[in-house]
Amino acid sequence: MKRPDTTVPLFVFTMIFSEYAWVTWFSILILTGFLIYFFHRWLYKTFAENLVPKPINMFNLKDSFWFVTASIALAGPERSPVSFSNRLLVAGFWFFCELMMASYTANLAAFLTASRLVTSISSLEDLASQNDVNYSVISGSSGETYFKRMADIEDNFYSLWRDMSYASSPDSTVTKYAVWDYPLGDKYMRLWKSMNFVKDSKEGLSKVLAGDFVFFQETPILEYDMMRHCSLTTVGKPFSAKPYAFVLPQGSPLVKQVSNVILELQSETLLTTLKTKWWKNETTPCPIRDESAGLGFETLGGIFVVMLIGCALGVITLILECIFAKYMIFKQVGG
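Residues numbered from 1 in each chain as written. Predicted model: local features only at pLDDT ≥ 70, side-chain atom pairs only at ≥ 80, totals over all residues. Heavy atoms only, no water.

Trainee: Describe the overall build of the protein chain, naming the residues involved and giving the relevant values.
Mentor: Helix and strand content of the protein chain: 11 helices and two strands. Ordered by position in the sequence, the α and β elements of the protein chain form the string α-α-α-α-β-α-α-α-β-α-α-α-α. For the protein chain, with 335 residues in total, the buried portion stands at 21%. Put simply, the protein chain shows about 24100 Å² of open surface, and 65% of that area lies on carbon and sulfur atoms. (Helix = DSSP H or I, 4+ residues; strand = E, 2+ residues; numbered from the N terminus. Buried < 20%, exposed > 50% of the residue type's maximum accessible area, 1.4 Å probe, protein only. Areas by Shrake-Rupley, 256 points an atom, 1.4 Å probe, with all protein chains shown as cover.)

Trainee: Just give me the short version of the packing of aromatic side chains, but keep the residues and values in it.
Mentor: Both the distance between ring centres and the angle between the ring planes are used here to describe each pair of aromatic rings. A full pass over the atoms with the stated rule returns 20 aromatic pairs. Ring centres of Phe17 and Trp22 lie 5.4 Å apart, and the angle between their planes is 55 degrees; this geometry places the pair in the tilted category. The exposure class assigned to Phe17 is buried, which follows from its relative accessible area of 15%. Considering the side-chain rings of Tyr146 and Phe239, the 5.5 Å spacing of their centres and the 40 degrees angle between planes classify their relative orientation as tilted. On the criterion of sequence distance, the pair formed by Tyr146 in helix α5 (residues 142–165) and Phe239 in the loop between α8 (219–228) and α9 (254–267) is long-range, its members being 93 residues apart. Of the residues examined, Tyr146 reaches a relative accessible area of 16% and is grouped as buried. Three or more aromatic residues joined by ring pairs make a cluster, and in this case those are Phe17, Trp22, Trp25, Phe26 and Tyr104. (Phe/Tyr/Trp six-rings, centres within 6.5 Å; stacked < 30°, edge-to-face > 60°.)

Trainee: Residue-level account of the UniProt feature "transmembrane region" (unreviewed entry) in the protein chain, with values.
Mentor: As recorded in UniProt, the sites labelled "transmembrane region" (unreviewed entry) are residues 20–39, 88–112 and 303–329. With 100% helix and 0% strand, the stretch residues 20–39 has end C-alpha atoms that lie 28 Å from each other. (UniProt positions renumbered as here; feature names shortened; annotations may be inferred.)

Trainee: So what about a nonpolar patch on the surface? Which residues, and what values?
Mentor: Judged by side-chain polarity, Ile309, Leu313, Val315, Ile316, Ile319, Leu320 and Ile323 come together as a nonpolar surface patch covering roughly 670 Å² of accessible area. For Val315, the location among the structural elements is in helix α11 (residues 297–334). By relative accessible area, which is 47% here, Val315 ends up partly exposed. (Patch = residues over 30% accessible without salt bridge, like charges linked within 9 Å, V, L, I, M, F, W, Y side chains within 5 Å. Salt bridge = Lys/Arg side-chain N within 4 Å of Asp/Glu carboxyl O.)

Trainee: Can you tell me about the nonpolar core, naming the residues and giving the values?
Mentor: Phe17, Trp25, Tyr104 and Leu108 are the most contacted members of the largest nonpolar core, which totals 17 residues. Mapped by element, the contributors of at least two residues to this core are α1 (19–46), α2 (61–72) and α3 (84–115). Ranked by residues supplied to this core, first place goes to α3 with seven residues. Setting aside its immediate chain neighbours within four residues, Phe17 contacts Trp22, Trp25, Met100, Ser103 and Tyr104. In this structure, Ile121, Val137, Phe147 and Met195 belong to the second largest nonpolar core, which totals 16 residues. (Core = buried A, V, L, I, M, F, W, Y, C linked by side-chain atoms within 4.5 Å. Contact = heavy atoms within 4.5 Å.)

Trainee: Got a sec to walk through the packing of α8 against helix α10 (residues 270–279)? Specific residues and values, please.
Mentor: Working note: a packed helix pair is described by the angle between its axes plus the distance between those axes. The geometry of α8 relative to α10 is characterised by a closest axis approach of 10 Å and an angle of 40 degrees between their N-to-C directions. Considering their axes alone, α8 and α10 lie oblique with respect to each other. Here α8 contributes Pro220, Glu223, Tyr224, Met227 and Arg228 to the contact with α10, which in turn contributes Lys275, Trp278 and Trp279. Of the residues that constitute the contact of α8 with α10, the class distribution is five nonpolar, no polar and three charged. (Axes fitted to C-alpha atoms, helices over the stretch in contact; angles between N-to-C directions. Parallel < 35°, antiparallel > 145°, perpendicular 65-115°, else oblique. Nonpolar A, V, L, I, M, F, W, Y, C, P; charged D, E, K, R; others polar.)

Trainee: Can you lay out the pattern of salt bridges for me, pointing to particular residues and giving the numbers?
Mentor: On inspection of all chains with the given rule, the structure shows four salt bridges. Here Lys207 ties to Glu203 by a salt bridge, and the two come within 3.8 Å at their closest N and O atoms. With a gap of four residues between them, Lys207 and Glu203 both fall in helix α7 (residues 201–210), about one helical turn apart. A residue is classified by how much of its surface remains accessible, and Lys207, at 30% relative accessible area, is partly exposed. On the accessibility criterion, Glu203 (23% relative accessible area) is partly exposed. With its nearest N and O atoms 3.1 Å apart, the salt bridge here joins Glu223 to Lys275. In this pair, Glu223 sits in helix α8 while Lys275 sits in helix α10, placing the two residues 52 residues apart along the sequence. By relative accessible area, which is 33% here, Glu223 ends up partly exposed. Overall, the relative accessible area of 37% leaves Lys275 in the partly exposed class.

Have a look at this one:
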């Protein structure tokens, strides 16, 4: 089948939560920042204005939102609220941030792991239990004969089991089998009923390259096609494997001679050399895929982009602050 696309979006870390969850999260952050400010503002206006000296732990709007930002990163702010009501608000907010960050971290790890899985179909059972991916064999080939034979075996076995389980005579000894479930699966019957045959290997290969299609074929032919098309992959393990052989008349004196020649070719690795010579694609060799490697830059690139954006915004803000400071100095000197 065609190798699934494992390309990870640049900003994959934003896909951990749904859009509704992100909007709700940021709404809570903004609301908490305003509440911290208004709690301090109300407390200061009600009590602190009548105190001498004035309290210095006043939170303005900027300090409130910086407190929220530090809480999200679990870094801890420089100052904490002093009133008991505000501390209760912050305690609930910290607990919320702890749970949200733990959920985000766990789901991010699971999301990145799932995105590196090769395919969701790994066996004939997986193929027979789904309806999204089509599959086929060449019409009139040994593959068609194999699947038809296996489907007939399952159908015949099911008929025997049904007759034994639902015997009309209550005194029949076969009724003792009625307590057993059907011991053989029906995957081959399901595969056979849903199979769309192709006329040749070329047609099957074109459907595989188009996507969402599985093509059954002899292993050597599949290996050759994979040498020519890097987007192809084999799924599962070979089944119903049988060796190639030269057919000679029974009792022919050439049987021993041909067998000896084949053994000599195998011992000299000549067959392997010829296979490498004629099968290997020298023009466009397929890249080696190391699934055991760690996360690459293409997966974590979005995080670095966010860091660069933060640095760029910091530099721009610094320039604006310097311009504003020089303007104020110039205004004071000129005034």
